[in-house]
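Chain and residue survey
Listed below are the residues making up each chain.
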Amino acid sequence: MSCFEHKSNVEMEPRAPLKTPADRKNGKHVKANDIPPQGVYLPNNNFMAPHMISPEYVQLSNAAAITLGIMGGRMYRTECTRCLNLLLTYPEGCRANCAYCGLARHREADRDYADRNFIRVDWPAVPMAEIVDIVAKDPDSSPFHRMCISMITHPRSEDDTFTVLRQWTDKIDPEVIPVSILSNPTTMTRADVQKTKDLGADIFTVALDAATPEVFDRTRGKGVQSPHKWSKYWDIMLEAKDIFGPQKFGAHIIVGMGETESDVLHLVQELVDLGGHSHMFCFFPEQGSLMDHLPATPRDQWRRVQLARYLIDYRDVRVEQMTFDEEGRVKTYGIPDAELADIIDAGIAFRTSGCPGKFQDDISACDRPYGDSPPSDIASYPFQPGKKDLRKIRKQLDIPVRIE
Ligand code: SF4
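Below you will find a few notes about this structure. Bear in mind the structure is a predicted one, so any value in this text is a computation, not a measurement.

Here we take up the overall build of the chain. When you go through the chain residue by residue, the secondary structure sums to eleven helices and ten strands. When the backbone C-alpha atoms are referred to their principal axes, the chain occupies close to 65 × 50 × 40 Å. Counting the 404 residues in the chain, one finds 59% classified as buried. Across the chain, contacts joining residues at least 24 apart in sequence account for 74% of those joining residues at least 6 apart. As displayed, the chain offers around 16500 Å² of accessible surface, 52% of which is attributable to carbon and sulfur atoms. Taking the average location of the 49 positive side-chain charges in the chain and that of its 58 negative ones, the two points are 3 Å from each other.

The following block contains the structure:
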């Protein structure tokens, strides 16, 4: 038996969503108030403002709020984030129920949308005009290398994305701070994808999240009473390929939800063959989600996938050159050891992956500090790993010794 067994689909089973009491469905409890929103809303203020909605309001990551100067606070070993991540917001929240997500619909039973944690952090709500005003003062010297609008599943999501995007590009040259769209394809058409391009978006990604159709169905489709379909996500991704062109589209993938390393790396190769990129997260049991009782992805599994994905995405290594063991784990990476050692030592492979910033193509603007791990056991490094970090990474990369 192995001491680091890959967790199978069965072992990574989400718990079933419970029934939401009628008085909390669709944000009813928040909408029962009529308090006007007042400036910045910090999560857990418990100030129920039903009119705090997109496009006038957006939520932004803790890291972006600190970088923008809207919120105080410090981040472990990093001064700022290079990506201004925005999230559309409504009192009734996202209408999907993805099992790993802190924003999922089932949470309306016990937590208002504006107060929900998402990828491990809080997301303050801020008037969009205030954000644009701050950045538009001096876009050339802005710490942000990119802005990203995350869509959620909501009937207004497309129209409000267009408005937020227009509001940005009216005042900020997208050549200076380019915009990415992290899409929710379920409610989208080709014309919607085209419109984001026409309004100045630079990169269009699809939050595929699951690496196989089975994992997708189980974690964000029928398995948890959620409306998403794998085929629709692919349809919209292929539209984006067509409309945005090579290197300007891609997919988000979460590693460690029951797929094998081989599964996820074949998907990475498929995306590269189409001309796109993969942006990866390490699964972390988000508090309050339907998978909060499950283990985070073992670090050895994550490091192997991170390294192999980097080789496929940026070093022209193909998945067919790699070898896998009987559990689908990476055994060899398809390049000489000395070359592999250099790539490990460069450390970039272990940084957060995402849309590029202004440093270089393989360094993501989107560094999502501690979005997929606590600072005490970093999965995606939001900064350049130092010597000590690399020693730890090297240890984690080892394929574990089998105990028979
Ligand atoms: S669609 Fe996105 S925001 Fe909504 S529950 Fe799923 S992962 Fe979360």
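Structure's up, so let's keep going.
The computed volume of the second largest pocket comes to approximately 410 Å³. Taken together, 29 residues form the lining of the second largest pocket, with Q247, H277, Y314, P356 and D361 sitting closest to its centre. Elements with a contribution of two residues or more to the lining of the second largest pocket: β6 (203-209), β7 (249-255), α8 (261-274), β8 (277-282) and α9 (299-314). Per element, the largest residue contribution to the lining of the second largest pocket is three residues, and it comes from α9. Residue composition of the lining of the second largest pocket, by class: nine nonpolar, eleven polar and nine charged.

Another aspect to go through is the nonpolar core. Membership of the largest hydrophobic core comes to 108 residues, with the highest contact counts inside it found for L84 and W168. Tallying contributions element by element places helix α7 (residues 230-244) first for this core, with eight residues. Filtering out sequence-adjacent residues up to four positions away, W168 remains in contact with L84, M128, V132, V135, M147, I177 and V179. Grouped together as the second largest cluster of nonpolar side chains are six residues, Y41, A49, Y57 and A125 included.

A separate point is the site of the ligand. Lining the immediate surroundings of the ligand are C94, A96, C98, Y100, C101, L103, A104, I152, T153, R220 and H228. A class-by-class count of the residues in the shell around the ligand yields eight nonpolar, two polar and one charged.

One pass over the full model with this rule turns up five cavities of 30 Å³ or more. In this structure, the second largest cavity occupies an estimated 80 Å³ of space. For the lining of the second largest cavity, the per-class residue count stands at five nonpolar, four polar and four charged.

It is worth spelling out the packing of aromatic side chains at this point. What the rule picks out here adds up to eight aromatic pairs. Ring geometry for F204 versus F244: centroids 5.6 Å apart, planes at 40°, classification tilted. With F204 in strand β6 and F244 in helix α7, this pair connects stretches of sequence that are 40 residues apart. Taking the relative accessible area as the measure of exposure, F244 reaches 6% and is therefore buried. Through a chain of ring-to-ring contacts, the aromatic side chains of F216, W230, Y233 and W234 assemble into a single cluster. The ring of F284 has R120 sitting right over it, with the charged end atom 4.8 Å from the ring centre. Looking at K197, its charged tip hangs above the ring of F244, at a distance of 5.4 Å from the centre.

On to a positive patch on the surface. Taken together, K387, K388, R391, K392 and K395 make up a surface patch of like positive charges. By the secondary structure assignment, K388 is in helix α11 (residues 387-397).

This part covers the pairing of strand β1 (residues 57-60). For a regular strand, the rule is simple: side chains alternate between the two faces of the sheet. Along β1, one buried face is formed by Y57 and Q59 and the opposite face, lined by V58 and L60, is buried too. For β1 and strand β3 (residues 125-127), the ladder comprises three bridges, and the chain directions are antiparallel. Residue pairing across strands places V58 opposite V126, the latter belonging to β3. Pairing of β1 with strand β2 (residues 83-88) involves three bridges; the strand directions are antiparallel. Bridge assignment links L60 to a residue of β2, and that residue is L86.

Below, the discussion takes up unusual backbone geometry. A cis amide bond links S54 with the next residue in sequence, P55, at an omega value of 10°. One non-glycine residue, D209, lies in positive phi territory at about 65°. Here D209 lies in strand β6. For D209, a relative accessible area of 9% gives the class buried.

Turning our eyes to something else, we now look at the sheet that holds β7. With mixed pairing, the eight strands of this open sheet are ordered in space as β3-β1-β2-β4-β5-β6-β7-β8. What marks the edges here is a single partner per strand, and that holds for β3 and β8. Averaged over all adjacent pairs, the angle separating strand axes in this sheet is 30°, with direction ignored. Sheet strands in contact with helix α3 (residues 128-136) are β1, β2 and β3, and its direction is about 70° off that of β3. Packing of α9 onto the sheet brings it into contact with β7 and β8, and relative to β8 it is tilted by some 170°.

Closest axis-to-axis distance for the helix α10 (residues 337-346)/α11 pair is 9 Å, and the angle between their directions is 130°. Considering the angle they form, α10 stands oblique to α11. Where α10 abuts α11, its residues A341, I344 and D345 lie against L390, R394 and L397. The residue makeup of the contact of α10 with α11, split by class, is four nonpolar, no polar and two charged.

Further remarks concern the side chain of R299. Along the chain, R299 falls in helix α9. In this structure R299 comes out as buried when scored by relative accessible area, which is 11%. For R299, the side chain forms a polar contact with the main-chain oxygen of D377, separated by 3.0 Å. Setting aside chain neighbours within four positions, we find R299 in contact with C282, S373, D377, I378, A379 and Q396.

What counts, and where the lines are drawn
Residues numbered from 1 in each chain as written. Predicted model: local features only at pLDDT ≥ 70, side-chain atom pairs only at ≥ 80, totals over all residues. Heavy atoms only, no water. Helix = DSSP H or I, 4+ residues; strand = E, 2+ residues; numbered from the N terminus. Buried < 20%, exposed > 50% of the residue type's maximum accessible area, 1.4 Å probe, protein only. Contact = heavy atoms within 4.5 Å. Areas by Shrake-Rupley, 256 points an atom, 1.4 Å probe, with all protein chains shown as cover. Lys, Arg positive; Asp, Glu negative; His and termini not counted. Charge placed at Lys NZ, Arg CZ, Asp CG, Glu CD. 1 Å grid on protein atoms, 1.4 Å probe; cavity = no way out; pocket = protein on both sides within 12 Å on 5 of 7 lines; lining within 4 Å. Points joined across faces, edges and corners; volume = space filled by probe spheres on them. Nonpolar A, V, L, I, M, F, W, Y, C, P; charged D, E, K, R; others polar. Core = buried A, V, L, I, M, F, W, Y, C linked by side-chain atoms within 4.5 Å. Near = heavy atom within 4 Å. Phe/Tyr/Trp six-rings, centres within 6.5 Å; stacked < 30°, edge-to-face > 60°. Lys NZ or Arg CZ within 6 Å of the ring centre and 35° of its normal. Patch = residues over 30% accessible without salt bridge, like charges linked within 9 Å, V, L, I, M, F, W, Y side chains within 5 Å. Salt bridge = Lys/Arg side-chain N within 4 Å of Asp/Glu carboxyl O. Pairing = 2+ DSSP bridges. Axes fitted to C-alpha atoms, helices over the stretch in contact; angles between N-to-C directions. Parallel < 35°, antiparallel > 145°, perpendicular 65-115°, else oblique. Polar contact = N/O pair within 3.5 Å; in protein donor to acceptor, adjacent residues only side chain to side chain.

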